[in-house]
Amino acid sequence: MRMDGMLGSAGTVNQHVNMTPLLHGNLRVCCMMGETDQLSGSQARGTASFGTPFPGVPRGGRSALARGRPVPVASAWGPRRNEAVQCVVPFLTRPKVPVLQLDSGNYLFSTSAICRYFFLLSGWEQDDLTNQWLEWEATELQPALSTALYCLVVQGKKGEDVLGPVRRALMHIDHSLSRRSSPFLAGETESLADIVLWGALYPLLQDPSYLPEELGALHSWFQTLSSQEPCQRAAETVLKRQGVLALRPYLQKQPQPSSLEGRVVSNEPEEEELATLSEEEIAVAVAAWEKGLESLPPLRPQQNPVLPVAGERNVLITSALPYVNNVPHLGNIIGCVLSADVFARYSRLRQWNTLYLCGTDEYGTATETKALEEGLTPQEICDKYHIIHADIYRWFNISFDFFGRTTTPQQTKITQDIFQRLLARGFVLQDTVEQLRCERCARFLADRFVEGVCPFCGYEEARGDQCDKCGKLINAVELKKPQCKVCRSCPVVRSSRHLFLDLPKLGARVEEWLERTLPGSDWTPNARFITRSWLRDGLKPRCITRDLKWGTPVPLEGFEDKVFYVWFDATIGYLSITANYTDQWEKWWKNPEQVNLYQFMAKDNVPFHGIVFPSSALGAEDNYTLVSHLIATEYLNYEDGKFSKSRGVGVFGDMAQDTGIPADIWRFYLLYIRPEGQDSAFSWTDMLFKNNSELLNNLGNFINRAGMFVSKFFGGFVPEMVLTSDDQRLLTHVTLELQHYHQLLEKVRIRDALRSILTISRHGNQYIQVNEPWKRIRGGEADRQRAGTVTGLAVNIAALLSVMLQPYMPTVSATIQAQLQLPRPACSILPTSFLCTLPAGHQIGTVSPLFQKLENDQIESLKQRFSGGQAKASPRTAAGPTAAGPQQVQALTEEVAKQGDTVRELKAQKADESRIAAEVARLLDLKKQLALAEGKPLGAPKGKKRK
């Protein structure tokens, strides 16, 4: 067997490898090089490719066309580099590569046929789904790709000129992957179809600018395949680090592809997508729709306090305890409390028994130092900043069941109990350690108040306990060029006796626990990696005491002048905060059989939640609940750098309130760019774009139009709906996207699930645009009925979106539900199927726009304001309000007037109190924004004076 025009490892193709005409299909062949080594004899001398089979090539690989006179074809490189060899393939009138010559003398000259041939030899059995993908690749994907690559490589075009021809195809792949919720095209493992499509797409999609970020499933699939070694070798061999330009010699010889302009291009769900729906899927979706509200389960009774219930799914959620001594920036907010809040709200919508806890971490040197800076006692600092934190999270609509603090008697009691149990079981060591002491400040320096050069990676701003760049833990005395962060003097080394947690002795227990926990869990990849790397590198005893005064006292003779290191007792804070919430706290924290614990944090906190606290809890031998799912984000940067309070760079929690941008817009954008998998960056320009495109033009436009059509054309009552087959298909697509949303959020893929909401609203916009109910309503009876069906289905999609939005944008969600007068059960439960929650005859309320456009000058002003040089001020008190431009003031004035009318109308109608409360809350928020825009101070709320 010999193969011409295919690239691979030496020897696998009898050394006849064509290096000149680089057809991008060769990637499919090359990525199988070495993957068919199990084949023997003549079968083993070749490589596999994935693609559409060439017509007439049967299972045995013998071409029915391989009869007739031979003609010369493309030259191929022979055994020696640059030696041209003429290869002959019969029945072709012009040069053609790649080609596989079988030992029988037959030829395969389609990359797809060659790939199929090798799969068949390796024992693969054909299946209908794979065959459908192969046919689609040949008839739909390849023509589109040919146009895109020709535009890019030969004509030098960029952007939408290149992406436009293939966008529909990419959306189809993404939709199919999402709908089937499997990682690969034909199932749980790679198939012939996956490699065919990957090989075809790689030359284009290797440039991330041509892989639309909203196509999350396609992105994940492409990255998974691209990271596999055979695929990487194939890309390297074929493209030779030239990227897509390696295809230029081949593409320049091809005729200009026929334009795709004749095809109708729209964002409507594609016909091929609709065709993939089975009759069973459609029937199930329609049946669920018709059952409506009656299929919803009864609402869970409210508990106070919330306690685990036997036989139910009990979800305990914590977010990393923020340090009390400073104001959280946007990265802190998305890294823990906001991410956890989305999941907590989602859990409640699923009727899971949910408790969400957090609080301020108040002990340690950081607090002592802040107290010195501000001339207050540590307790006064904690009291002051605890209120600041609580106010910020309240403004961001974080739905804690309880927000506590660690400076409590319960913290002391529980921490000392765990310590005594560890001590009694031999898991605590004593040793003398060298520490850094600042002679000028006359104190031992806590790790976080020493800064220097990392001994591992050379980062110049490493802290005394951990390097933020390489992530390695550090002993402060190991730092090069250490400095006291308070006075910038060089500290000296002094000895002090301390207590250590014997992590090596506990290592086996931790590993055994992880082996039971990780399989089937939703630990994020970075959390798994960091935890495993700690174990791989070998655990070392960890110091758990410090020479401080502000902390939990150490209950051991000879250590009365020391306190526990904050990272020993801070994680115990979750327990003590729960104990402050309910005296039955042990039902949550000593109940691992019935409780699912989700913990949210940034990646730098993983070692303490994945190793240190589990070690303490396992060593205490008191049946503690340990983390089931550890959810860690990467870092959020600010524009091109880092957040810095001292330099006035970046938006901090208290500042976001003063921008005039509603909290839900901040929530949306932070969740849209949530740093899952890799660091991301906040960008003012991108925030403007996402608000104006995704919220205003997509989501807000659809929901407003759906409601307005009901009000304008049908007197505010939902019309009768007579579903056609096309309506049933749309209904089914919405159901499948809703189920995908559930699958993503159950796996805590928060950012990707947000895309599902936007996808459904795009479907809704396209549905309205295609059916044009504003025109049909003026037509005959059939047209008017059609307008009613389209309007009724659209407003029900809007109702569904209001519930899906609740975890992300709770105020907007409540506003939509109030406008649509959505029944209470439908507001509180998110089903797994799309239900008709607004039946014919349902009366909706007053509909008004949900979002405002962000203007360039407004954003540029904010960008400048937060770019550095802001006055260093005490949060919320020293900085006065900043007046906005007259256009924004006018717009807000009109919004306040409109919202006031809405509230008065609801009160006159004696509407449900919850609806009135939601609208009043929105009115107060708008008034607050208006006051800020006008530069007025925010005074105390007006009301009756108390006697």
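Residues numbered from 1 in each chain as written. Predicted model: local features only at pLDDT ≥ 70, side-chain atom pairs only at ≥ 80, totals over all residues. Heavy atoms only, no water.

## With respect to the environment of A602
Phase 1: With respect to the secondary-structure elements, A602 resides in strand β18 (residues 595-602).
Phase 2: Along the primary structure A602 and A527 are separated by 75 residues, whereas in three dimensions their C-alpha atoms are 9.4 Å apart.
Phase 3: Discounting chain neighbours no more than four positions away, the residues touching A602 are G335, A632, T633 and Y635. (Helix = DSSP H or I, 4+ residues; strand = E, 2+ residues; numbered from the N terminus. Contact = heavy atoms within 4.5 Å.)

## Side note on the sheet that holds strand β19 (residues 629-633)
Phase 1: Read across the open sheet, the 5 strands follow the order β8-β7-β6-β18-β19; overall the sheet is parallel. Each having just a single partner strand, β8 (402-405) and β19 make up the two edges of the open sheet. Taken over all neighbouring pairs, the strand axes of this sheet differ in orientation by 20° on average, direction set aside.
Phase 2: Direction of pairing for strand β6 (residues 314-319) relative to β18: parallel, over a ladder of 6 bridges. If you follow V315 over to β18, its bridge partner there is N596.
Phase 3: Docked against the sheet, helix α11 (residues 330-349) engages β6, β7 (353-360), β18 and β19, running at close to 160° with respect to β6. (Pairing = 2+ DSSP bridges. Axes fitted to C-alpha atoms, helices over the stretch in contact; angles between N-to-C directions.)

## What to know about unusual backbone geometry
Phase 1: For the bond running from N304 to P305, omega is 0°, close enough to zero to count as cis.
Phase 2: Examined against the element boundaries, P305 turns out to sit in the loop between α10 (279-291) and β6.
Phase 3: At Q821, a position not held by glycine, the phi torsion is positive, near 50°.
Phase 4: Positionally, Q821 belongs in the loop between α28 (810-820) and α29 (824-828).

## A closer look at the packing of aromatic side chains
Any aromatic ring pair is given by two values, namely how distant the centres are and how the planes are angled relative to each other.
Phase 1: Tallying each qualifying case throughout the model produces 29 aromatic pairs.
Phase 2: When the ring of Y346 is compared with that of W352, the centres are 5.8 Å apart and the planes differ by 90°; the resulting orientation is edge-to-face. Neither residue differs from the other here; Y346 and W352 are each classed as buried.
Phase 3: Ring centres of W666 and F682 lie 5.9 Å apart, and the angle between their planes is 15°; this geometry places the pair in the stacked category. Highlighted residues: W666 in helix α22 (residues 663-672) and F682 in strand β21 (residues 680-682), separated in sequence by 16 residues.
Phase 4: Through successive ring pairs, a cluster of aromatic residues spans F343, Y346, W352, Y598, F600 and Y741. (Phe/Tyr/Trp six-rings, centres within 6.5 Å; stacked < 30°, edge-to-face > 60°. Buried < 20%, exposed > 50% of the residue type's maximum accessible area, 1.4 Å probe, protein only.)

## Quick word on the side chain of Q817
Phase 1: Positionally, Q817 belongs in helix α28.
Phase 2: Under the relative-accessibility criterion, Q817 is labelled buried at 8%.
Phase 3: Contacts of Q817, omitting those with residues within four sequence positions, involve S802, V803, Q806, L822 and C827.

## Here's the deal with α22
Phase 1: Taking burial as the measure, the 10 residues of α22 include 10 buried ones, the bulk of the element.
Phase 2: When α22 is considered as a whole, its buried residues turn out to be A663, D664, I665, W666, R667, F668, Y669, L670, L671 and Y672.

## Digging into the sheet that holds strand β9 (residues 428-438)
Phase 1: Strand order across the open sheet formed by 4 strands is β10-β9-β14-β15, with antiparallel pairing between neighbours. Two strands close off the open sheet at either side, each with one partner strand: β10 (443-444) and β15 (542-543).
Phase 2: As paired elements, β9 and strand β14 (residues 492-501) share 10 bridges and run antiparallel to each other. Within β14, the residue paired with Q430 across the bridge is L499.

## Describing the packing of helix α23 (residues 684-714) against helix α27 (residues 781-804)
Phase 1: Between α23 and α27, the least distance of the axes is 9 Å, while the angle of their chain directions is 135°. Relative to α27, α23 is oriented oblique. Between α23 and α27 the crossing geometry is left-handed. Here α23 contributes L699, F702, I703, A706, G707, F709, V710 and F714 to the contact with α27, which in turn contributes A787, G788, T791, A794, V795, I797, A798 and L801.
Phase 2: Class assignment of the residues belonging to the contact of α23 with α27 gives a composition of 13 nonpolar, 3 polar and no charged. (Parallel < 35°, antiparallel > 145°, perpendicular 65-115°, else oblique. Left-handed = near helix turned anticlockwise from the far one by under 90°. Nonpolar A, V, L, I, M, F, W, Y, C, P; charged D, E, K, R; others polar.)

## Notes on the pattern of salt bridges
Close approach of charged atoms allows side chains of opposite charge to pair.
Phase 1: As enumerated under the stated definition, the model contains 36 salt bridges in all.
Phase 2: Between D383 and R405 there is a salt bridge, with its nearest N and O atoms 2.7 Å apart. Linking D383 in helix α13 (residues 378-395) with R405 in strand β8, this pair joins segments that are 22 residues apart in sequence.
Phase 3: Across the pair R762 and E694 runs a salt bridge, and its minimum N-O distance is 3.1 Å. Highlighted residues: R762 in helix α25 (residues 750-771) and E694 in helix α23, separated in sequence by 68 residues.
Phase 4: Judged by its relative accessible area of 23%, R762 falls in the partly exposed class.
Phase 5: In this structure, a network of salt bridges that share partners links the residues K370, E373, E374 and K384. (Salt bridge = Lys/Arg side-chain N within 4 Å of Asp/Glu carboxyl O.)

## Comments concerning α28
Helical periodicity: at 3.6 residues per turn, an α-helix aligns residues three or four positions apart in one direction.
Phase 1: With 9 of 11 residues buried, α28 is to be regarded as a mostly interior element.
Phase 2: Restricting attention to buried positions, one finds in α28 the residues P810, V812, S813, T815, I816, Q817, A818, Q819 and L820.
Phase 3: Q821 sits one or two residues past α28 and shows a positive phi near 50°.

## A short note on the packing of α11 against helix α24 (residues 725-746)
Phase 1: One way to put it is that α11 packs onto α24 with a least axis distance of 11 Å and a crossing angle of 125°. Overall, the two elements α11 and α24 adopt an arrangement that is oblique. The hand of the α11/α24 crossing is left-handed. Counted together, V342, F343 and Y346 of α11 and Y741, H742, L745 and E746 of α24 form the full contact between these two elements.
Phase 2: For the contact of α11 with α24, the residue count by class is 5 nonpolar, 1 polar and 1 charged.

## What about the environment of L100?
Phase 1: Along the polypeptide, L100 turns up in strand β4 (residues 99-101).
Phase 2: The exposure class assigned to L100 is buried, which follows from its relative accessible area of 0%.

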